[in-house]
Structure formats: C-alpha cells, structure tokens
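Okay, here's what each chain looks like letter by letter:
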Amino acid sequence: MEEYYIEKSPRSSRWRRFLGLVAAALLGGLIVLLCLPALLPYLLPAADIGQNPNPDQVLPWNYQNQDSLQMPDLEYQQTAVVAAVNKVFPAVVGVTRISQSRDWFGRITPAAPTGYGSGVIISPDGYIVTNYHVVEDAVSVVVTLSNGQEVDAAIVGQDPGTDLAVLKIQPLTDMPWAVLGDSGQLTVGEFVIAIGNPGGPELQRSVTLGIISATDRSFDVYDWVFGLLQTDAAINPGNSGGPLVNMKGEVVGINSVKITDAEGLGFSIPSNLVKSISESLIKEGRVIRPMLGVTIGEITPAIAEAYNLGSDYGLLVTETPYGGPARQAGIKPEDIIIEVDGTKTEGLRDLRRIISSKSIGDKVQVTVVRGKEKLNFEVVLAELEVR
C-alpha cells in the first residue's frame, strides 16, 4: 500500500510566525498603556511641585554658601596686569580725524570723520601723544575721554619721521594722565599690555596682553631710522597711538605698526624717543634734527662695476650744498662715504641711524673714498633744514 505525503509550503509558515509576533507585540503594548497610570506613582520619586515652585533652587550653579555671600573672594583678580591696566586706563583716549577733500568737480567737501585712532594723556596740562598718521591732513581733531566726553583738540606739532604727534586739550578737573617710563630698561620676554580702540569707537579701550619680543627693530617704514619695540600683544587698526604699558603701569611705547600679513608682529615707538620728540614738539612745534649736509645715493656692486667706482659699497655724494657742514669740512661731490664715526655705511639707513643718535654741534669723523685714496674729515653737524 502506497503512502502519500503532502509537503507544506515554508512561505506560509513564516508568515504565520510574523503575524503572531506582531499580534503579541500589540497586545503587550496595550496592556502596558492600560496599567501605566496605576504604576506611575510607584516608579517616580515624590515631588511636591506646588510647595516648591522654584526648580532652579536645586541647580548646582545657583548654589551659594553663606561664606561666599558674606565675604566675596576677589583676590584672584588682584594681579599685576589688572593693577597696571587700572593705572593707565583712564588716560587712554580715542582720537577722531576730521578731514576735507575735493569732489570730481574740484569743490571742497564738508568736513567729516575720516579716521580713528588712539592716544594717551601724558600730563595734567592736557597734552596727548598719538601717531602722526592718525591726525595726518586733519582740519580738526576730536578726542573722546574715558568718561565718554568728546572735546576738541589742537595739534601742537607733528613729526612724520617718527610717526608721532602731540595734541592739546583744555585741562579738566582731576584729569587722569599716564607716566612715560624708561623703555631702555625693557627686556625680551617681559610682559606688556597694549590698550587702544581697534576698529574705532565701538571697541574703545580694548586691552591685549603680550611680551616684548625684541627691543631694537628697524625697517623702512619711517623717514627717520630708529629702534622699535616688537611685541606679540595684538595691535590692530585703531590701536595706533595707544600706549604699550609695562607691569608697573608705565607707558613704555606708543603703538604704531603691525605687519598685516603675519600674526603676533606689532611694533611700538619706545617711550624714551617719545619723551624727546614730544618735548621738542611742545617747545618748538617741530623736531630739530642734525644733518651732515650732503645729497647722496646708495652704491651697489653692480653700480660700482659699471661706473668703475673706487668702492663697491657706501654712499655716493652727488651734492654738497653751499655753506653746509660737509662742504665746509672739505667733502666734495663724487666722494664715497664708507664710514661715519668708525661705523660702516653700506646704505642710507646706516647713515640715518648714526646721525639720529647725535645732536646739533656734535663732531663726527667721516671716511670717504676719493679716486683711489681714503680721506678722513671732521664734520660739525648743523640743524636740518625743514623743506
């Protein structure tokens, strides 16, 4: 007798299992929803919200013990930086340049603000030091004091060579002013603070901290060569003319230059130079400088070879004005200045650096090449003529 077996489809068996699981899940969820209101009070901690309406009371950042409420501890704020800032801060001012220009038809336009910078009051008489480029071509200047008061300022004197200018405002009662320190005592690595108005009045009297990176940097920015203070304290447009302050609260520099394509490269005019320049501007209205009395051009090896000159470096004298100190000493056109007071003069910067350290009436030893000879002359420096 033959037996026959009917094979069940595996697909229908799988569907039955799936539908069974879905039905079980739905039934379980329904049971939980029905039982949840009865179980909820046993699952959550008791909280009397009605009697404690302030939920922030238990947050840790709102907690204060009685000792902190009675005696605030501000000792951590009493640092040398904070003390130095507080000492100079009231003397820092904003400087607004008011200028006029001409339109396309050559008509003079109405005076309007054309630039913003910073400054610092250096005496109770109302004298303010700032940068020359901050007030350059100004028809008037407005100064904003630390209390927000705006006052007119007169330009006492300007010196493009050092990028310095002195302003004057009417003295006020209890006018704050800052002390100019000794920049010659600065050392590399010393902390300094830059204060000013980066970006204009909206960010007035901003404070940045850094160190002295170098004390004698010079490059071709100004007409007159001198050593600048290099710092990594942030100096931005609008900081120009503001003070660089040491940890004693003394102004050791006037912020002036920033290398725009690099970070942490700011430069300040040393306070010792600021003292001498501002004193001259206040007394004379200009800066009196010594001169050698020559018109010169720089010599390169290529120029020396092309013109068969007697030296491949130095400064070629093209003119010695009549009555000038160099002419009186015997220096002639076509002489090549190779040394001044024993210091090699390879370029104009070298000569300017040497002469800028001298005074009117000082004698300097000048070595020149004339043809195949080396000659020495003693030159008495005279006052540089203002053109």
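Details of the structure are given in the entry above.
First things first, this report covers the structure right here in the doc.

Cut-offs used in this document
Residues numbered from 1 in each chain as written. Predicted model: local features only at pLDDT ≥ 70, side-chain atom pairs only at ≥ 80, totals over all residues. Heavy atoms only, no water. Helix = DSSP H or I, 4+ residues; strand = E, 2+ residues; numbered from the N terminus. Buried < 20%, exposed > 50% of the residue type's maximum accessible area, 1.4 Å probe, protein only. Contact = heavy atoms within 4.5 Å. Areas by Shrake-Rupley, 256 points an atom, 1.4 Å probe, with all protein chains shown as cover. Pairing = 2+ DSSP bridges. Axes fitted to C-alpha atoms, helices over the stretch in contact; angles between N-to-C directions. Expected span 1.5 Å × (residues − 1). Salt bridge = Lys/Arg side-chain N within 4 Å of Asp/Glu carboxyl O. Phe/Tyr/Trp six-rings, centres within 6.5 Å; stacked < 30°, edge-to-face > 60°. Lys NZ or Arg CZ within 6 Å of the ring centre and 35° of its normal. Core = buried A, V, L, I, M, F, W, Y, C linked by side-chain atoms within 4.5 Å. Patch = residues over 30% accessible without salt bridge, like charges linked within 9 Å, V, L, I, M, F, W, Y side chains within 5 Å.

## Overview of the overall build of the protein
Helix and strand counts for the protein come out as 8 helices and 20 strands. The buried share of the protein, taken over its 387 residues, is 36%. In the protein, the share of contacts with a sequence separation of at least 24, taken over all contacts with a separation of at least 6, comes to 60%. Element-wise, carbon and sulfur atoms account for 55% of the exposed surface of the protein, whose accessible area totals about 23,700 Å².

## Details of the sheet that holds strand β2 (residues 112-121)
Reading around the circumference, β1-β2-β3-β6-β5-β4 is the order of the 6 strands in this closed barrel, with antiparallel pairing throughout. Taken over all neighbouring pairs, the strand axes of this sheet differ in orientation by 40° on average, direction set aside.

## Some thoughts on helix α5 (residues 271-284)
Here α5 contains 14 residues, and its C-alpha end-to-end distance of 19 Å stays within 8% of the 20 Å for a straight helix at 1.5 Å per residue. Within the sequence span of α5, burial applies to Ser271, Val274, Ile277, Ser278, Ser280 and Leu281.

## Quick look at the pattern of salt bridges
Across all of its chains, the model carries 8 salt bridges by this definition. For Lys358, the salt bridge goes to Asp341, with nearest N and O atoms at 3.0 Å. Of this pair, Lys358 sits in the loop between α8 (348-356) and β18 (363-370) while Asp341 sits in the loop between β16 (336-340) and β17 (343-344), and the two are 17 residues apart along the sequence. Of the residues examined, Lys358 reaches a relative accessible area of 24% and is grouped as partly exposed. A relative accessible area of 31% places Asp341 in the partly exposed class.

## Focus: the packing of aromatic side chains
Under the definition given, this model contains 0 aromatic pairs. A cation over a ring is seen here: Lys344 above Tyr313, with NZ or CZ 4.5 Å from the ring centre.

## Structural notes on the environment of Ala304
By the secondary structure assignment, Ala304 is in helix α6 (residues 301-306). Taking C-alpha positions, Ala304 is 9.8 Å from Gly314, a pair spaced 10 residues apart along the chain. Apart from the residues lying within four places of it in its own chain, the contact partners of Ala304 are Ile299, Leu309, Ser311 and Asp312.

## Overview of the nonpolar core
Ranked by internal contacts, the top residues of the largest apolar core, which has 42 residues, are Val141, Val143, Leu167 and Ile169. For this core, the element with the highest residue contribution is strand β6 (residues 164-168), accounting for 4 residues. The residues contacting Ile169, other than those within four sequence positions of it, are Asp125, Gly126, Ile128, Val143, Leu145, Val151, Asp152, Ala153 and Met175. Core analysis: the next-biggest nonpolar cluster, separate from the first, contains 17 residues, Val294, Ile331, Val368 and Phe377 among them.

## Quick word on a nonpolar patch on the surface
A grouping of Trp15, Phe18, Leu19, Val22 and Leu26 is seen on the molecular surface, where their side chains present a nonpolar patch of about 540 Å² in accessible area. Relative to the helices and strands, Leu26 is located in helix α1 (residues 10-43). On the accessibility criterion, Leu26 (60% relative accessible area) is exposed.

## Here we look at unusual backbone geometry
Peptide bonds are mostly trans, and most non-glycine residues show a negative phi. With a phi angle near 60°, Asp163 is a residue other than glycine that sits in the positive phi range. Its relative accessible area of 4% is what places Asp163 among the buried residues. The backbone of Asp174 shows a phi angle near 55°, a positive value even though the residue is not glycine.

## Remarks on the pairing of strand β4 (residues 140-144)
Burial analysis of β4 places 4 of its 5 residues in the buried class, which makes it a mostly covered element. Pairing of strand β1 (residues 92-99) with β4, which is carried by 5 bridges, proceeds in the antiparallel orientation. Looking across to β4, one finds that Val95 is bridged to Val143. Bridge count between β4 and strand β5 (residues 150-159): 4 bridges; the pairing is antiparallel. Opposite Val141, over in β5, you have Ala153 as the bridge partner. The turn joining β4 and β5, which pair antiparallel and follow one another in sequence, is formed by 5 residues; a positive phi near 90° is taken by Gly148.

## Notes on the pairing of β5
One ladder, built from 5 bridges, connects β5 with β6; its direction is antiparallel. Opposite Gly157, over in β6, you have Val166 as the bridge partner. Hairpin connection, β5 to β6: the antiparallel pair is bridged by 4 residues, and Asp163 has positive phi, about 60°.

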